[in-house]
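Secondary and tertiary structure notes
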Amino acid sequence: MSETRSDGELLRAIAADRDRHAFEQLYRRYAPWLTARLRGRCADAGIVDDVVQETFLAVWRGTARYREEGEVAGWLWRIGARRLVDALRGDGARGRLRQALARLRHREEASAEDRVLAGVEHGDLAGALVRLSPELRAVLQATVIDGLTTREAAVLLGIPPGTVKTRAMRARRQLREALA
C-alpha cells in the first residue's frame, strides 16, 4: 500500500474495507487544515476539536459519503462546518456573538464591527436583525460576523454563490430601510 494514495483511493478504501491505515492517512492529511479553518469560525478550541472528531467519525462510520464530485477538502469542510453550526446553534445567537467578539479581542482599538456587535443586543439593529428572514440572517452571519468569502458561505450554507450575493444584498437593503 502506497503512502501517496490519492484522496479518492483513501476514501474508497475506508468505505469498502474499513481500512484503518487509509483512514489514518486521510486524518493526518486533513485534520490540521480542518482544525485551522474551524478555529477561524469558533474561538472555543474544545468545540472545534469535538467537531473535527465528529467529522472524521462520520467518514469512518460511512454516515458521510463522498460522491467523488469536487475536492475532498471542500467535502470535509461542508461536513465540519455543518457540525460546527449544529454545535453553536445549541448556544444560540448570544453564544455566536461571544465567539465573534472573542476572535476580535486581540485588537487594541475597537473596530467598527466590534462597536456594532457590542450594540446588537440593545439597539435598533437588534430589532432589525430579528425581523430578517432566517435565510438572510444566515448569510449575514456567515459573511459579516464569520468573515467568510461568498464562496465559503455558499459551501457552508449549501446554496449557490449567486444566491449568497443576492441574499446579502437583500439583507443590507432591509437593514438600511429598518434603520433609516
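With 78% of its residues at a pLDDT of 70 or more, the protein chain has an overall mean of 79. Averaged pLDDT values over the elements of the protein chain bottom out at 54 in helix H6 (residues 112-119) and peak at 93 in helix H2 (residues 20-39).

Here we come to the packing of helix H8 (residues 134-145) against helix H10 (residues 161-179). Between H8 and H10, the shortest axis-to-axis distance is 9 Å and the interhelical angle comes to 100°. In terms of orientation, H8 and H10 fall into the roughly perpendicular class. Seen from H8, the contacting residues are Glu135, Leu136, Val139, Leu140 and Thr143; seen from H10, they are Val164, Arg167, Ala168, Arg170, Ala171, Gln174 and Leu175. Among the residues forming the contact of H8 with H10, the class breakdown is seven nonpolar, two polar and three charged.

A word on the pattern of salt bridges. Applying the stated criterion to the full structure yields five salt bridges. For Arg5, the salt bridge is made with Asp19, and the minimal N-O distance between the two is 3.6 Å. One end of the pair, Arg5, is in the segment before helix H1 (7-17); the other, Asp19, is in the loop between H1 and H2, with 14 residues separating them in the sequence. Note that Asp49 and Arg39 form a salt bridge whose closest N and O atoms lie 3.1 Å from each other. With Asp49 in helix H3 (residues 45-61) and Arg39 in helix H2, this residue pair connects regions lying ten residues apart in the sequence. Since its relative accessible area comes to 34%, Asp49 is described here as partly exposed.

Before going further, it helps to spend a moment on a positive patch on the surface. Judged by side-chain charge, Arg170, Arg172, Arg173 and Arg176 come together as a positively charged surface patch. Along the chain, Arg176 falls in helix H10.

Backbone geometry at Arg18 places phi at a positive 50°, although glycine is not the residue there. As for its position among the elements, Arg18 is in the loop between H1 and H2. We classify Arg18 as partly exposed; its relative accessible area is 43%.

So, about the nonpolar core. If you look at the biggest cluster of nonpolar residues, it comprises 39 residues, and the most contacted ones within it are Leu11, Ile14, Leu26, Leu38, Phe56, Val72 and Trp75. Elements with a minimum of two residues in this core: H1, H2, H3, helix H4 (72-89), H8, helix H9 (150-157) and H10. Here this core takes nine residues from H4, the largest share from any one element. The residues touching Trp75, leaving out its near neighbours within four places in the chain, are Leu11, Val59, Ala64, Arg65 and Tyr66. Within the second largest apolar cluster, eight residues are counted, among which are Leu125, Ala128, Leu140 and Leu175.

Let's shift gears to the packing of aromatic side chains. Evaluated as defined, the whole model comprises four aromatic pairs. Measuring from centroid to centroid gives 4.9 Å for Tyr27 and Phe56, while their planes differ by 70°, and the two rings are edge-to-face. Here the residue Tyr27 occupies a position in helix H2, and Phe56 occupies one in helix H3, the gap between them amounting to 29 residues. What makes Tyr27 partly exposed here is its relative accessible area of 27%.

For the rest of this paragraph, the subject is the environment of Arg67. By the element assignment, Arg67 lies in the loop between H3 and H4. Judged by relative accessible area, which is 66%, Arg67 ranks as exposed. For the pair Arg67 and Gly8, spaced 59 residues apart in sequence, the C-alpha separation works out to 9.6 Å.

Reading guide: rules and limits
Residues numbered from 1 in each chain as written. Predicted model: local features only at pLDDT ≥ 70, side-chain atom pairs only at ≥ 80, totals over all residues. Heavy atoms only, no water. pLDDT = per-residue confidence, 0-100. Helix = DSSP H or I, 4+ residues; strand = E, 2+ residues; numbered from the N terminus. Axes fitted to C-alpha atoms, helices over the stretch in contact; angles between N-to-C directions. Parallel < 35°, antiparallel > 145°, perpendicular 65-115°, else oblique. Contact = heavy atoms within 4.5 Å. Nonpolar A, V, L, I, M, F, W, Y, C, P; charged D, E, K, R; others polar. Salt bridge = Lys/Arg side-chain N within 4 Å of Asp/Glu carboxyl O. Buried < 20%, exposed > 50% of the residue type's maximum accessible area, 1.4 Å probe, protein only. Patch = residues over 30% accessible without salt bridge, like charges linked within 9 Å, V, L, I, M, F, W, Y side chains within 5 Å. Areas by Shrake-Rupley, 256 points an atom, 1.4 Å probe, with all protein chains shown as cover. Lys, Arg positive; Asp, Glu negative; His and termini not counted. Charge placed at Lys NZ, Arg CZ, Asp CG, Glu CD. Core = buried A, V, L, I, M, F, W, Y, C linked by side-chain atoms within 4.5 Å. Phe/Tyr/Trp six-rings, centres within 6.5 Å; stacked < 30°, edge-to-face > 60°.

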